[in-house]
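Descriptive analysis of the structure
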Amino acid sequence: MLIKFLPHGSGDASKAAAYVLDEADHLNVRREGVSVLRGNLQLFAAIANNLPFRQRYTSGVVAWAEGDAPTDEDIEAVLNEFERVAFAGLDPDEYQLNVVQHVEPNGSKHVHILVPRVNLRSKKSLNIAPPGWEGLFYPLRNAWNNEQGWARPDDPLRKRDHCPDFHAYIDAAALRAGLQVEPQSRSELTKFIKQQVENGQIKHCDDVLLELQQFGKVNRSKKGDYIRVIPPGFDKGLRLKGAFFEADFDPAIWIANEQQRGKNQNRYSGREKVTLDHQKRAKQARRELAEAVEKRRQYHQDRYHRPAKGVSDQAVIPDREVGADADPMAALDQLQIPNKGNTSDGIREDSYSAAQSAGRAVCEASDGVSNAAAKLGATIERHDRATERDGQRVRAVARESGRAAQIIRQLDEHNRDELVRFKTDVSLIAVAKSYGYLPQKNGSTPGSVLLKKGSETLLCVTNSDNNNYEQYYNLTDGHDSGSVIDFVQRREPHLNLGQIRRKLRLHLKAMTSDRLAEFKPRAVSRQHIIQALEWHRLPPYQGDLLQHQFHIDGESIEVFADKLRQNESGLPCFRHVDRTSIVGYEIETGSGIVFSTSGPAGLFTHRIGQDVDRVVIVSSAVEAMAYHQLNAQEDTVYIGLGNALSESQLGMLFGYFARDDRQKTPVVIALSHTEQALKFAERIQAERPSASCVWPNSVTWSDELGRSVGKKPVRNKNARIEVRHDLNSDSYPRSDFDVDW
């Protein structure tokens with residue numbers, strides 16, 4: 001007996017199920033017998049095809065040699081122990097096992113095993129054959145083979161001189177079908193090496209390489225389990241596997257084994273006699289199996305941790321009849337049963353037709369279980385050719401279809417809920433930091449955080465218009481944006497969704513509510529996000545308007561550089577914020593200021609130094625730069641009104657003044673010398689009586705700066721200031737800290 005798992009598992013599960021149920025192989029050669037021993041293939045296909053994982057199911061084979069002749073009881077016992085080993089520590093309602101038996105024309109038997117790769121309770125991926133599965137299932141195989149005297153794949157006398165590749169198996173099937181095939185070069189080379197061994201020309205494994213060099217370039221695999229021969233003029237070579245081509249091949253031992261085979265030529269006509277050596281090997285295999293099963297049981301318990309018995313959601317799949325709310329049709333239609341006649345267990349083609357008709361009847365029922373049952377009975381009655389056993393199968397298919405529909409709904413809900421939690425409960429900033437991105441103080445606000453890694457700059461926000469999902473935007477790559485899931489997928493494109501889920505689950509587990517509040521930006525509207533992106537994509541200021549027209553020197557421009565950009569016309573732009581994020585920017589045209597948006601007005605803010613010894617309120621950003629150049633002082637916060645004072649701006653100012661650490665901070669009102677500015681000053685002093693007023697000798701501080709350097713100011717004192725603020729906007733939300741203040 002041998003146990004093997006196949007590399008299949010990522011394709012359509014319906015095709016896999018249809019193949020094992022088909023009464024003919026891929027060359028339409030009829031199988032002697034096909035019978036379903038365990039499970040339901042319709043349910044298997046419905047579950048597997050609705051999984052979000054790349055690998056949706058596991059496919060395996062348990063096969064017996066012709067001489068093993070296992071009885072039905074033997075096969076049942078092997079399957080019982082296989083299930084116990086594969087699903088150690090799991091309850092039956094946590095997995096779905098399917099077994100289909102095939103009987104070959106020579107009487108040998110093998111069973112195909114299909115398992116959806118999901119734990120039905122936790123909805124996590126369940127892989128019964130991970131890398132290294134041999135350590136679990138080979139002891140099982142060895143124990144049974146030695147206890148029953150079955151053919152052993154590890155028997156040295158059974159080792160093949162040449163192991164054919166998959167082409168040879170296809171050709172063998174073609175020969176059975178009466179088709180012609182091309183001769184195989186591998187077999188010819190094997191015959192040649194065998195003759196050389198028998199003639200004494202090969203006395204060491206390296207001699208095999210020397211003999212094969214006459215046919216082309218020769219190299220041995222790193223593991224030493226095969227040799228590749230590349231004939232002249234060919235890009236690909238022939239892979240030769242078998243005893244002759246292994247690195248530990250010993251010609252003397254091979255000749256001795258050949259002589260032993262001759263003495264035991266009738267040995268393989270039936271089971272081996274169980275000797276003391278067999279019993280010893282069986283006991284050793286049982287010990288290894290017990291250890292491996294315990295490890296698997298512990299792993300399953302740790303991975304699929306479940307609530308204690310009695311918890312209401314312990315059983316994910318209740319065993320009940322299909323209700324009116326079930327939708328089994330998707331599950332029934334997943335699998336196309338091949339039209340190949342009767343199967344060996346008595347299930348006829350009309351049984352599957354009856355099953356699908358019954359399922360449709362159940363699906364269309366609207367009056368509850370009783371009406372569905374009546375339609376089901378009527379459908380079964382119309383198929384008078386079906387036996388009572390077929391009728392039981394019909395009801396079982398309908399019942400399993402209901403279970404499939406429920407499982408699919410639960411899987412969808414689980415997957416959807418987990419993806420939502422990733423977007424809301426995992427800090428994208430924390431994940432980005434694990435990839436080497438560092439948050440930047442300059443340019444960040446409570447509602448928009450900048451992160452840098454090399455030449456890359458990301459803007460991270462929380463979108464209040466999209467369920468408070470955290471999102472990122474790559475300012476250097478317009479195609480790179482999205483949720484935390486997209487972030488990981490773009491950085492590691494080789495990962496599938498299941499692998500990304502596993503990564504994010506680690507972050508989710510470590511993300512406490514306090515840690516999330518520490519990292520996650522404050523929620524802002526979509527309009528705020530658009531304004532923030534527009535601002536950050538403006539290039540740094542490189543014009544000369546500030547120097548030539550407003551007499552701002554290079555040193556002052558450098559001091560205000562992180563709040564200064566330029567638009568496509570080269571005009572200076574100054575950032576405006578509210579208490580959360582960027583709301584736009586003011587543009588200095590030389591004859592007045594305009595705004596990038598007609599939305600609610602924020603404030604221009606800039607702090608010089610680490611502490612706050614004074615707050616200076618000015619009319620605009622340019623006025624702040626001029627005042628600073630005239631009265632350079634460290635530890636100063638400048639607040640620019642944008643030549644307007646809306647209710648929202650007043651709310652921000654008064655909220656700032658009300659802070660405990662700002663109530664005694666000196667406030668200087670240094671507005672332009674205009675009638676409108678006088679009204680603004682009176683309004684501010686009414687809230688902050690201790691505020692002092694300082695007025696320029698000219699109309700503006702930039703005019704004052706021009707006179708101080710002996711230049712005539714260019715700006716027209718009587719020029720009308722263009723303002724497009726929404727003076728009736730709502731108040732801004734309360735905040736417990738300020739933006740850059």
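How each quantity is defined
All chains use their own residue numbering, which begins from 1 and follows the written sequence. Side-chain atom pairs in this predicted model are given and counted only at pLDDT of 80 or more, local residue features only at pLDDT of at least 70, and totals for whole chains, interfaces and linings cover all residues. Hydrogens and water molecules were not included; the side-chain quantities draw on all heavy atoms of the structure. Strands are runs of DSSP state E lasting at least two residues, helices are runs of H or I lasting at least four, and both sets are numbered from the N terminus onward. Buried residues are those whose accessible area, probed at 1.4 Å on protein chains only, stays under 20% of the maximum for their type, while exposed residues exceed 50% and partly exposed ones sit between those limits. Contact criterion: two residues are considered in contact whenever any of their non-hydrogen atoms come within 4.5 Å of each other. Each accessible area is a Shrake-Rupley result for a 1.4 Å probe, and residues are judged covered by the shown protein chains and nothing else. Strand pairing is assigned whenever DSSP detects at least two bridges linking the two strands. Here, the term nonpolar core denotes a set of buried Ala, Val, Leu, Ile, Met, Phe, Trp, Tyr and Cys residues that are joined through side-chain atoms within 4.5 Å. In this description, a line fitted to the C-alpha atoms serves as the axis of each element, helices being fitted only across the stretch in contact, and the angle between N-to-C directions of two axes falls anywhere from 0 to 180 degrees. Centres within 6.5 Å are what make two rings of Phe, Tyr or Trp a pair, Trp counting through its six-membered ring; a difference in plane orientation under 30 degrees is then read as stacked, over 60 as edge-to-face, and the rest as tilted. Charge-over-ring placement is defined geometrically: NZ (Lys) or CZ (Arg) within 6 Å of the ring centre, and within 35 degrees of the ring normal. By the definition adopted for this analysis, an angle is roughly parallel if under 35 degrees, roughly antiparallel if over 145, roughly perpendicular if from 65 to 115, and oblique otherwise. A crossing counts as left-handed when the near helix is turned anticlockwise from the far one by less than a right angle, and as right-handed when that turn is clockwise. Following the grouping adopted for this structure description, the nonpolar residues are Ala, Val, Leu, Ile, Met, Phe, Trp, Tyr, Cys and Pro, the charged ones are Asp, Glu, Lys and Arg, and the polar ones are all others, Gly among them. Salt bridge, as used here, is a side-chain nitrogen of Lys or Arg placed within 4 Å of a carboxyl oxygen of Asp or Glu. The score called pLDDT rates the predictor's confidence residue by residue, from a low of 0 to a high of 100. Whenever two N or O atoms come within 3.5 Å, that pair is a polar contact, provided that in protein one can donate a hydrogen and the other can accept it, and provided that, for residues adjacent in sequence, both atoms are side-chain atoms.

**Focus: the overall build of the protein chain**
On a plain count of helices and strands, the protein chain comes out with 24 helices and 23 strands. Burial analysis of the protein chain (741 residues in total) assigns 50% to the buried set. Across the protein chain, every contact between residues at least 6 apart in sequence was considered, and the portion connecting residues at least 24 apart equals 69%. Total accessible area on the protein chain is roughly 36600 Å²; 48% of this is exposed by carbon and sulfur atoms.

**Things to note about the pairing of strand E21 (residues 636-640)**
Most of E21 sits out of view: 5 of its 5 residues are buried. Residue alternation in E21 divides its side chains into two sets, Thr 636, Tyr 638 and Gly 640 and Val 637 and Ile 639, and both sets are buried. In this structure, strand E19 (residues 604-608) lies alongside E21, joined through 5 bridges in antiparallel fashion. From the neighbouring strand, Ile 608 faces E21, where its bridge partner is Thr 636.

**Some details on the nonpolar core**
Counting residues in each nonpolar core, the largest one holds 33 residues, and the members touching the most others are Phe 87 and Phe 137. Mapped by element, the contributors of at least two residues to this core are strand E1 (2-6), helix H3 (72-86), strand E5 (109-116), helix H4 (134-148) and helix H9 (276-303). Among the elements that line this core, the one with the most residues is H3, at 6 residues. Sequence-distant contacts of Phe 87, defined by excluding residues within four places in its chain, comprise Tyr 95, Leu 97, Val 115, Leu 126, Ile 128 and His 300.

**Quick look at the sheet that holds strand E3 (residues 57-63)**
Pairing is antiparallel across the open sheet formed by 5 strands, whose spatial order is E1-E3-E5-E4-E2. Unpaired on one side and paired on the other, E1 and strand E2 (33-38) mark the two borders of the sheet. Ignoring strand direction, the axes of neighbouring strands in this sheet form an average angle of 20°. Here 7 bridges tie E3 to E5, and the two strands are oriented antiparallel to one another. Opposite Val 61, over in E5, you have His 112 as the bridge partner. Across the sheet, helix H1 (residues 13-21) is in contact with E2, E3, strand E4 (98-103) and E5; its angle to E5 comes to roughly 160°. Contacting E1, E2, E3, E4 and E5, H3 runs over the sheet at an angle of about 45° to E2.

**Some points on the packing of aromatic side chains**
According to the stated counting rule, one finds 23 aromatic pairs in the structure shown. Here the aromatic rings of Trp 64 and Trp 150 are separated by 6.0 Å at their centres, their planes lie at 90°, and the arrangement is edge-to-face. Taken together, the residues Trp 64 in the loop between E3 and H3 and Trp 150 in the loop between H4 and helix H5 (166-176) connect sequence positions 86 residues apart. Assigned by exposure class, Trp 64 and Trp 150 land together as buried. Considering the side-chain rings of Trp 144 and Trp 150, the 5.9 Å spacing of their centres and the 10° angle between planes classify their relative orientation as stacked. On the accessibility criterion, Trp 144 (9% relative accessible area) is buried. Among the aromatic side chains, those forming a connected cluster through ring pairs are Phe 560, Phe 574, Phe 604, Tyr 627, Tyr 638 and Trp 701. Of note, Arg 141 hangs over the ring of Tyr 138, and the distance from its end group to the ring centre comes to 4.0 Å.

**Focus: the packing of H1 against helix H2 (residues 41-48)**
Orientation of H1 relative to H2, taken along the N-to-C sense of each, is 160°, at an axis distance of 8 Å. As summarised for this structure, H1 and H2 are arranged roughly antiparallel, according to the angle between their axes. Where H1 crosses over H2, the handedness of that crossing is right-handed. Mapping the contact onto sequence places Ala 13, Ser 14, Ala 17, Val 20 and Leu 21 in H1 and Leu 41, Phe 44, Ala 45 and Ala 48 in H2. Tallied by class, the residues present in the contact of H1 with H2 amount to 8 nonpolar, 1 polar and no charged.

**Some points on the pattern of salt bridges**
The final tally for this structure, using the stated rule, is 17 salt bridges. Across the pair Asp 91 and Arg 121 runs a salt bridge whose closest N-O atoms are separated by 3.2 Å. On the criterion of sequence distance, the pair formed by Asp 91 in the loop between H3 and E4 and Arg 121 in the loop between E5 and H4 is long-range, its members being 30 residues apart. Linked through salt bridges whose partners overlap, the residues forming this network are Glu 81, Arg 84, Glu 147 and Arg 286.

**Side note on the confidence of the model for the protein chain**
Here the protein chain averages 77 in pLDDT, while 74% of its residues score no lower than 70. Taken together, the stretch residues 308-355 has pLDDT below 50 and engages in 115 contacts with residues farther than four places along the chain or on a different chain. Note that pLDDT drops below 50 for residues 712-741; the model gives that stretch 85 contacts with residues more than four away or on any other chain.

**Concerning unusual backbone geometry**
The phi angle at His 551 is positive, at roughly 60°, despite the residue not being glycine. If you check the backbone angles, Asn 643 has positive phi at about 60° while not being a glycine. According to the relative accessible area criterion, Asn 643 is buried, its value standing at 16%.

**Points about helix H24 (residues 701-708)**
Given 3.6 residues to a turn, an α-helix orients residues that are three or four positions apart in the same direction. Here H24 lies mainly inside the structure; 6 of its 8 residues are buried. Along H24, the positions that sit buried rather than exposed are Trp 701, Ser 702, Asp 703, Glu 704, Leu 705 and Gly 706. In the core, the buried residues of H24 are packed alongside helix H19 (545-550) and helix H21 (621-630).

**Comments concerning the side chain of Asn 98**
As for its position among the elements, Asn 98 is in strand E4. A relative accessible area of 1% places Asn 98 in the buried class. Within the structure, Asn 98 has its side chain in polar contact with the backbone nitrogen of Asn 40 (distance 2.9 Å). Polar contacts involving the side chain of Asn 98 include one to the side chain of Gln 96, which spans 2.6 Å. Filtering out sequence-adjacent residues up to four positions away, Asn 98 remains in contact with Arg 38, Gly 39, Asn 40, Leu 41, Phe 44, His 112, Ile 113, Leu 114 and Pro 116.

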